[in-house]
Amino acid sequence: MPESDIVRDYFQRYAQISGGAATGETSFYSTLEDLLNQAGGTLRPVVVCNAQLRNQGAGHPDFGLYTARQLTGRDLRADQIPNPERGVVEVKGLDESLHDLARSEQTRRYASHYGLVLVTNYREFMLVSRHGDTIRTLERLSLAKDATSFRDLARRHRTTADQHGKQLVEYLKRALTQTADITEPRQLATLMASYARDALDRVERARQTPQMNAIRGDLEQALGIAFGGEE
């Protein structure tokens, strides 16, 4: 599924639930779960987002991020259940501070136990990682500065998908690809390729802005050449 379709579905479904009898953050869990599973379905190995984790020693994260090879379909004893390879997800409501959530005792406990935590308030995302005895905050993505702005994006879901589709899906791919430690060259190559696609999308979207025109003019003057055409 194209990135724009994945993101359109996310915002459209959020708007539909908001227009009904939504009760709070948990009303939108299925929307986020679908978004993560659609993004995870584009990866190899596939990454699956599962809700309602058993307590494996650190409480109950909202979601676990498993690779497909971890999901055998067999009933396992409690001591046989593997930690989700790509970490867990902790979700709070749209009005919650992502900064406070990322630094909460609960998130630190999950990071210590699972290695990685993707924290979100639906409009922002941040990875929190364990590095030895240290808990670090990693890459962050903000789609809207506040709840009102996010709801406006949801109402304009088609336009929003065109504007933010590639950026959001590339971010989620990076988040779902990471493990607590990068141990293989392939993992690093995948991350670098994702950053490159993200950067290209930003440049293409900003091509006709005054800032990009100024950079183009400076380059033409410095190099003594002229740029023409789309490329």
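For the structure itself, look to the data block above.
The text that follows walks through the structure, step by step, so that each part is easy to find. This one's a predicted model, so the numbers in the text were calculated from it and none came from an experiment.

**Some thoughts on the packing of aromatic side chains**
Overall, the coordinates contain ten aromatic pairs when judged by the stated rule. Taking 6.4 Å as the distance between ring centres and 70 degrees as the angle between the ring planes, the aromatic pair formed by Tyr10 and Phe150 counts as edge-to-face. In this pair, Tyr10 is assigned in helix H1 (residues 3–18) and Phe150 in helix H5 (residues 147–155), connecting sequence segments 140 residues apart. Judged by centre distance (6.2 Å) and plane angle (50 degrees), the rings of Phe125 and Tyr171 are tilted. With Phe125 in strand S5 (residues 124–131) and Tyr171 in helix H6 (residues 157–177), the pair connects residues that are 46 residues apart, well separated along the chain. In this pair, the class of Phe125 matches that of Tyr171, namely buried. By the ring-pair criterion, three or more aromatic residues cluster together here, those being Tyr10, Phe11, Tyr14, Phe28, Tyr122 and Phe150.

**Considerations on the side chain of His157**
Locating His157 in the fold gives a position in helix H6. Residue His157 is classed as buried on the basis of its relative accessible area, which comes to 17%. Apart from residues no more than four positions distant in its own chain, His157 is found in contact with Arg8, Phe11 and Gln12.

**A look at the pattern of salt bridges**
Enumeration according to the criterion identifies twelve salt bridges in this entry. Two residues, Arg69 and Glu85, come together in a salt bridge whose shortest N-O distance is 3.1 Å. Taken together, the residues Arg69 in the loop between strand S2 (63–67) and strand S3 (88–91) and Glu85 in the loop between S2 and S3 connect sequence positions 16 residues apart. Taking the relative accessible area as the measure of exposure, Arg69 reaches 56% and is therefore exposed. Judged by relative accessible area, Glu85 falls into the partly exposed class, the value being 27%. Residues joined in a network through salt bridges with shared partners are Asp5, Arg8 and Asp9.

**Topic: the nonpolar core**
Counting residues in each nonpolar core, the largest one holds 39 residues, and the members touching the most others are Tyr10, Leu32, Leu118, Tyr122, Phe125, Leu168 and Leu172. When neighbours within four sequence positions are excluded, Tyr122 is seen to be in contact with Tyr10, Tyr14, Glu25, Phe28, Tyr29, Leu32, Val91, Lys92, Leu94, Leu143 and Phe150. Val88, Tyr110, Val117 and Val128 belong to the second-largest nonpolar core, a separate cluster that totals 14 residues.

What counts and what doesn't
Position labels on residues start from 1 in each chain and follow its written sequence. Two thresholds apply to this predicted model, a pLDDT of at least 70 for residue-level local features and 80 or more for giving and counting side-chain atom pairs, whereas whole-chain, interface and lining totals are computed over all residues. In computing side-chain values, all of the structure's heavy atoms are included and hydrogens and water are not. Between rings of Phe, Tyr and Trp, where Trp is taken as its six-membered ring, a pair exists when centres lie within 6.5 Å; planes separated by under 30 degrees are stacked, by over 60 edge-to-face, and by other angles tilted. Going along the chain from the N terminus, every DSSP run of H or I of four or more residues is numbered as a helix, and every run of E of two or more is numbered as a strand. Buried, partly exposed and exposed residues are distinguished by accessible area as a fraction of the type maximum, computed with a 1.4 Å probe on protein chains only: under 20%, between the cut-offs, and over 50%, respectively. Contacts between residues were defined by any pair of non-hydrogen atoms, one from each residue, lying within 4.5 Å. Think of a salt bridge as a Lys or Arg side-chain nitrogen and an Asp or Glu carboxyl oxygen that are within 4 Å of each other. Take the buried residues of types Ala, Val, Leu, Ile, Met, Phe, Trp, Tyr and Cys, join any two whose side-chain atoms come within 4.5 Å, and each joined set is a nonpolar core.

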